[in-house]
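# Residue-level structure breakdown
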Amino acid sequence: MNNSKVEFTATLISILTVKEALNSEMENFVRVRAAIDKRILKEDDVVAIFNISSTTSYQAFFIDKDTDIEKLKEELKKMNVRLNYDSEKILKRYIERLQK
């Protein structure tokens, strides 16, 4: 198996506040990402939830006005996952709006 081959696709399913995410079925995914990022959860922080195609897996990433899409894509690539084109465009627009 070639480990450099990306086998799965991440599709953005929602952008939520942490408060909303913690009150949903995405709670555990957000808590895991917070632990990985060594981040303290704040209710008004924003998190993007991605479904990994052909799996029951989800990935959560915190979104701030200085979020670097390329770093997010690198994190996904480490998991053999690529970011869906439309999801990337939506996320870029969302971050641009945060910067205004």
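So, here is what we can say about the structure in this document.

How each quantity is defined
- Residues numbered from 1 in each chain as written.
- Predicted model: local features only at pLDDT ≥ 70, side-chain atom pairs only at ≥ 80, totals over all residues.
- Heavy atoms only, no water.
- Helix = DSSP H or I, 4+ residues; strand = E, 2+ residues; numbered from the N terminus.
- Expected span 1.5 Å × (residues − 1).
- Contact = heavy atoms within 4.5 Å.
- Polar contact = N/O pair within 3.5 Å; in protein donor to acceptor, adjacent residues only side chain to side chain.
- Salt bridge = Lys/Arg side-chain N within 4 Å of Asp/Glu carboxyl O.
- Patch = residues over 30% accessible without salt bridge, like charges linked within 9 Å, V, L, I, M, F, W, Y side chains within 5 Å.
- Areas by Shrake-Rupley, 256 points an atom, 1.4 Å probe, with all protein chains shown as cover.
- Lys, Arg positive; Asp, Glu negative; His and termini not counted.
- Charge placed at Lys NZ, Arg CZ, Asp CG, Glu CD.
- Buried < 20%, exposed > 50% of the residue type's maximum accessible area, 1.4 Å probe, protein only.
- Arc of directions from axis to C-beta.
- Pairing = 2+ DSSP bridges.

What follows covers helix H4 (residues 85-99). Over its 15 residues, H4 runs 21 Å from end to end, which matches the ideal 21 Å to within 8%, given 1.5 Å per residue. On its buried face, H4 sits against strand E1 (8-17), strand E2 (46-52), strand E3 (58-63), helix H3 (69-78) and strand E4 (81-83). Where H4 starts, the residue carrying a side-chain oxygen 2.9 Å from the main-chain nitrogen of aspartate 86 turns out to be asparagine 84.

Summed over the entire model, instances satisfying the criterion amount to 8 salt bridges. Salt-bridge contacts for glutamate 27 lead to arginine 31; the nearest nitrogen and oxygen are separated by 3.0 Å. Of this pair, glutamate 27 and arginine 31 both sit in helix H2 (residues 27-37), 4 residues apart, which is roughly one turn of that helix. Its salt-bridge partner being lysine 73, residue glutamate 88 comes within 3.3 Å of it at the nearest N-O pair.

Among the surface-exposed residues, Lys89, Arg93, Arg97 and Lys100 lie close enough to one another that they form a single positively charged patch. Topologically, arginine 93 is positioned in helix H4.

Every buried residue of H3 is listed here: Ile69, Leu72 and Leu76. Buried residues of H3, seen end-on, are gathered within an arc of 60 degrees and therefore sit on one face of the element. Away from its buried face by more than 90 degrees, H3 exposes Lys71 and Lys78. Looking at the buried side of H3, the elements it contacts are E1, E2, E3, E4 and H4. Put simply, aspartate 68 is the residue that caps the front of H3, since its side-chain oxygen is 2.8 Å from the backbone nitrogen of glutamate 70.

Let us now look at the pairing of E1. Pairing geometry for E1 and E4, over 3 bridges, is parallel. Bridge pairing links threonine 9 to arginine 82 in E4. As defined by bridge partners, E1 adjoins E2 across 7 bridges and the pair is classed as antiparallel. For leucine 16, the partnering residue across the bridge sits in E2 and is valine 47.

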